[in-house]
Amino acid sequence: MTIGLLVAIVAVWAAAFTAVNRRADAVRDAMQRAEPLIVSAQGINTELARADASAAASFLVGGVEAAGPRQQYLDSIDAAMRELSVAAQNGGSVEGASDAIATISEKVPEYAGLIESARANNRQGFPIGAAYLRAASALLQDEIFPAAERLYDATVDAYADAYADAGAARDAPLLAFAGIVLLAALVATQILLFRRTNRVFNVPLVLATVVALVLVFMPLTAMSHEHRELARATDEGYFGVNTIARVRILAFRARGDESFALIARGNGERWYTDFDTVMSAIGSPDDDGLLGAAFEEEPIDAFSSDLADALDHYKSAHQSVQETDRAGDFDMAVTLATGDAATSSATAFAALDEELKATLDEYAARFERGAGRAEKQLDNQEVWVSVLAILVALGVVVGLQQRIREYR
Amino acid sequence: MRLRTFMRTGGAAVAAVMLLAACGDPEPAAVPDVASLLTTTTAAPAAPPGPPPECGDPTASSRPDPRLPTSGVMPAGTYMREIQDRGRLVVGVSIDTLLFGSVNPFTGDIEGFDIDILHEISKALFNGDPDRLEYKAINNAERIPKIQDGSVDIVARTMTINCARRELVDFSSVYYDAGQKVLVRADSDAAGIEDLAGQKVCTSASSTSVENLRALADPPEITEVVDQTDCLRLFQAGDVAAISTDDVILAGFAAQDPNAKIVGARFSDEPYGLAISLDHPEFTQFVNAVLERMRTDGTWKAIYEKWLGEVYATSQGEGAPIPEPPAATYR
């Protein structure tokens, strides 16, 4: 009987301990590794797209190579490689991530080499520079961006795994089941003892039963609170991070479309069409595109109105570029797209990117706060569960030893 | 007794727990599917070409009216009047064929032999203003479709006149006689296309060059590219041993790469014409009149000297006289 009870206690302890332990690890993983990885993966994508757009802008403007876009290009490539090494450190073990990371690491230097050939030829006035620029962009589109997409998807899956571990459906039922068995066994034991010894209360066993109740209900409550906090953090923060990250990637694709439509010199329909498609996928904060989904889930009024304004401003700046190009005034279209004027689409895009980054950071901060709250719910639970289990075991052993001694 | 009831309720509890444990683990809400938001339709592939048709002399163009309309005053009802009213001539050109049509990276202007011909047409339409051109950069495959769908008024893009193309577009009279040759590494022993049998040779898709290569008795391994200039890039990367296309295009490549040389005799004739829609025969006559004037008043020779003078001097020797413009033949 003692053995049976001790086994039941161990079962409860095991169910509680492993559940709490795994969940605490999963929450920490979600907070410190999985969610930052998503931001990194998005960063790789957007920095590479920014580099490509800068290279294209340099090319479009012509003349002596302007210092601004060149520096922007170099900075963006550096930033992308930094994010890549962060991703490699934190995400190397994520399934599907290491292949994507390896592909990106191999191909980005190749891309940079083609851009340098484009520059070198351009400097000598050779039109073959355009062919190298085209080859660089094709490499980016055909091989590097797909790998970056795969990396992003892998990081999203990693978060989903962490989230699932942090709220595994089997935890509570298993603990409850083990708890019911233990409590029933304790009660049954005390009833049996009462029948045989006519003593109503075996104090140690009674105490053990009370502690056993706490042993079961404390982690159950903690897990329930933890999952609720994490779910809230996911809805209020993670979902926004994931959605705005995708919006940002798409926004940079649209910006690239604008440059390449102009480089195609009067033959850029394909890119203008893609621009429109991308813009409608992004949508606006109050419809059902990506932006709408983010803000519906968790509205941040200050941000959504600023973002809506920045987006409208960029779209109308682009409209001017497109109309001017279609009307045949190429030089003016290039000025409108690349110039420093407040009305240029370059300026408007920079402002839009600021807003997107700020929104992304805000959602990330919300997620972090919520995940922190979730983590707090499980603070020290492992210790408490172990201590209480020992106390229950002691109560059982002491209580039963008393009776056994009486029989001898 | 009570123990048995207890066991029964215990069993029920077990079953309940099993059911609960079978519920799936939670997943975070899914972000809207980006791929489906971005669905685009893909264009149907082009039909393969049939056997080349015959049509007598493909270079015979429409005889121009000897009275060229006064510049700036185009007759009503003609396509030239439409262009004049629009304010600009929309032209399909190359922007990366050095010597014939390419962007000058320093000035941003498009320039070349083909472009200068277009400037002359602009002058004839717009009261002496050579710059009333709206450029549309096109690749070789787009030359005919862009004329057919009206995206451009005229194509000046190293385009060879032949019977097959005559069925789809109209051509001006011949404005340049090119021929196909081959470009190899400066240290190569090859003396002509015949020495490159089985080796990788690059050329442009949708061109007479690729057809000519396929028709050779001992053909090379042909690599086709959509954008002709990519041939030079592949050549520089060592992915192909040679490039074969019209000699003037090769001259443009050689001017960008000191490690290349052009070898061999011409193995095809490539008479260049400007492509115009079959719907505007009076515009073809107008363009032919402009070309005829250029042949006789020295403009053609000036353009030749500007763009090909150096290349010609290198191959024929300093002081060799600039060649005469190709004569026009009319139907």
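The coordinates are above.
None of these values were measured; they are calculated from a predicted model.

For this particular structure, what's the right way to read the overall build of chain A?
Counting its regular elements, chain A contains twelve helices and zero strands. The C-alpha atoms of chain A give a radius of gyration of 31 Å, which is well past the 22 Å a tight globule of 408 residues would have. Seen along its three principal axes, the alpha-carbon backbone of chain A occupies a region of about 105 × 40 × 30 Å. Within chain A, the 56 negative side-chain charges are centred at a point lying 12 Å from the centre of the 34 positive side-chain charges.

Where do I start with the packing of aromatic side chains in this structure?
Working definition: an aromatic ring pair is given by the centre-to-centre distance plus the angle between the planes. Taken as a whole and assessed by the stated rule, the structure comprises 22 aromatic pairs over all chains. Summarising the aromatic geometry, the rings of Y314 of chain A and F349 of chain A are spaced 5.2 Å apart at their centres and angled 65° between planes, so their arrangement reads as edge-to-face. With Y314 of chain A in helix 9 (residues 301–326) and F349 of chain A in helix 11 (residues 345–377), the pair connects residues that are 35 residues apart, well separated along the chain. Owing to a relative accessible area of 0%, Y314 of chain A belongs among the buried residues under this scheme. Among the residues examined, F349 of chain A registers a relative accessible area of 6% and is labelled buried. Taken together, a centroid distance of 5.8 Å and an interplanar angle of 80° make the contact between Y304 of chain B and Y312 of chain B edge-to-face.

How do you make sense of unusual backbone geometry when you look at a structure like this?
Most peptide bonds are trans, and most residues other than glycine sit at a negative phi. Residues and elements named next belong to chain B. A positive phi angle, close to 90°, is found at L99, a residue other than glycine. Inspection of the secondary structure assignment puts L99 in the loop between strand 2 (96–97) and strand 3 (101–103). The phi torsion at N127 lies on the positive side, around 55°, for a residue other than glycine.

Looking at this structure, I do not really get the interface of chain A and chain B. What am I missing?
Interface size is commonly expressed as the accessible area that is lost once the parts come together. Contacts between chain A and chain B engage 52 residues on the former and 48 residues on the latter. Applying the counting criterion to the chain A and chain B interface returns three salt bridges. In this structure, the salt-bridge partner of D96 of chain B is R134 of chain A, at a minimum N-O distance of 3.6 Å. On inspection of chain A and its partner chain B, the count reaches ten residue pairs in polar contact (both at pLDDT 80 or more). When residues of the side of chain A that touches chain B are traced back to their parent elements, those giving at least two are helix 3 (97–123), helix 4 (128–166), helix 5 (171–197), helix 6 (203–263), helix 7 (269–282) and helix 8 (290–297) of chain A.

Even after reading the chapter, I still don't get the environment of G129 of chain A, so can you show me in this structure?
Residues and elements named next belong to chain A. If you trace the backbone, G129 turns up in helix 4. With relative accessibility at 0%, the residue G129 sits in the buried group. Residues G129 and F59, 70 residues apart in the sequence, show an inter-C-alpha distance of 9.0 Å. Setting aside residues up to four positions removed in sequence, G129 forms contacts with F59, A118, N121 and N122.

Explanation requested: the state of the cysteines in the structure shown.
Cysteine pairs can be covalently joined through their sulfur atoms, and such a bond is termed a disulfide. Residues and elements named next belong to chain B. Under the criterion given, the structure shown has one disulfide over all chains. A sulfur-sulfur separation of 2.0 Å characterises the disulfide bridge that pairs C202 with C231. Its torsion about the S-S bond being -80°, the disulfide of C202 and C231 is classed as left-handed. Here the residue C202 occupies a position in strand 10 (residues 200–204), and C231 occupies one in helix 8 (residues 230–237), the gap between them amounting to 29 residues. No difference in accessibility class separates C202 from C231, as the two residues are buried.

Honestly, the pattern of salt bridges in this entry has me stumped. Any pointers?
Note that side chains of opposite charge can pair when their charged atoms are close. All names here are of chain B. Counting across every chain of the model gives 39 salt bridges over all chains. One salt bridge in this structure joins R81 and D85, with 3.5 Å as the shortest N-O distance. With R81 and D85 both in helix 3 (residues 79–86) and four residues apart, the pair spans about one turn of that helix. Close ionic contact of E120 with K123 constitutes a salt bridge, the shortest N to O distance being 3.3 Å. Note that E120 and K123 are positioned in helix 4 (residues 113–125) at a spacing of three residues, about one turn of the helix.

Would you take a moment to explain the environment of G167 of chain A for this structure?
Its location among the elements puts G167 of chain A in the loop between helix 4 and helix 5. The spatial distance from the C-alpha of G167 of chain A to the C-alpha of A41 of chain A is 25 Å, given a sequence separation of 126 residues. The contacts of G167 of chain A, once residues within four sequence positions are left out, are R23 and H227 of chain A together with P26 of chain B.

Explain the sheet that holds strand 1 (residues 89–93) of chain B here, please?
Hydrogen bonding along the main chain pairs the strands of a sheet, whether they run parallel or antiparallel. On the basis of which strands lie adjacent, the open sheet formed by five strands has the order 5-1-6-15-7 (chain B) and mixed pairing. The two strands at the open ends of the sheet, each matched to only one other strand, are strand 5 (133–137) and strand 7 (170–171) of chain B.

Before we go on, may I ask you to explain the sheet that holds strand 2 of chain B in this structure?
Residue and element names in this part refer to chain B. Pairing is antiparallel across the open sheet formed by three strands, whose spatial order is 2-3-4. The sheet is open, and its two borders are formed by strand 2 and strand 4 (110–111), each paired with just one other strand. Where strand 2 lies against strand 3, two bridges are found, and the strand directions are antiparallel. Residue pairing across strands places T97 opposite G101, the latter belonging to strand 3.

When you look at the packing of helix 1 (residues 2–61) of chain A against helix 2 (residues 67–91) of chain A in this model, what are you seeing that I'm missing?
Each pair of packed helices gets described by two things: the angle between the helix axes and the distance between those axes. Residues and elements named next belong to chain A. Contact pair helix 1 / helix 2: the axes reach a minimum separation of 8 Å and the direction vectors enclose 160°. Relative to helix 2, helix 1 is oriented roughly antiparallel. In the crossing of helix 1 with helix 2, the sense of the turn from one axis to the other is left-handed.

Reading guide: rules and limits
- Residues numbered from 1 in each chain as written.
- Chains lettered and ligands numbered in written order.
- Predicted model: local features only at pLDDT ≥ 70, side-chain atom pairs only at ≥ 80, totals over all residues.
- Heavy atoms only, no water.
- Helix = DSSP H or I, 4+ residues; strand = E, 2+ residues; numbered from the N terminus.
- Rg over C-alpha atoms; globule rule 2.2 N^0.38 Å.
- Lys, Arg positive; Asp, Glu negative; His and termini not counted.
- Charge placed at Lys NZ, Arg CZ, Asp CG, Glu CD.
- Phe/Tyr/Trp six-rings, centres within 6.5 Å; stacked < 30°, edge-to-face > 60°.
- Buried < 20%, exposed > 50% of the residue type's maximum accessible area, 1.4 Å probe, protein only.
- Contact = heavy atoms within 4.5 Å.
- Salt bridge = Lys/Arg side-chain N within 4 Å of Asp/Glu carboxyl O.
- Polar contact = N/O pair within 3.5 Å; in protein donor to acceptor, adjacent residues only side chain to side chain.
- Disulfide = S-S within 2.5 Å.
- Pairing = 2+ DSSP bridges.
- Axes fitted to C-alpha atoms, helices over the stretch in contact; angles between N-to-C directions.
- Parallel < 35°, antiparallel > 145°, perpendicular 65-115°, else oblique.
- Left-handed = near helix turned anticlockwise from the far one by under 90°.

Bear in mind that shape data such as this cannot, by itself, settle questions of function.
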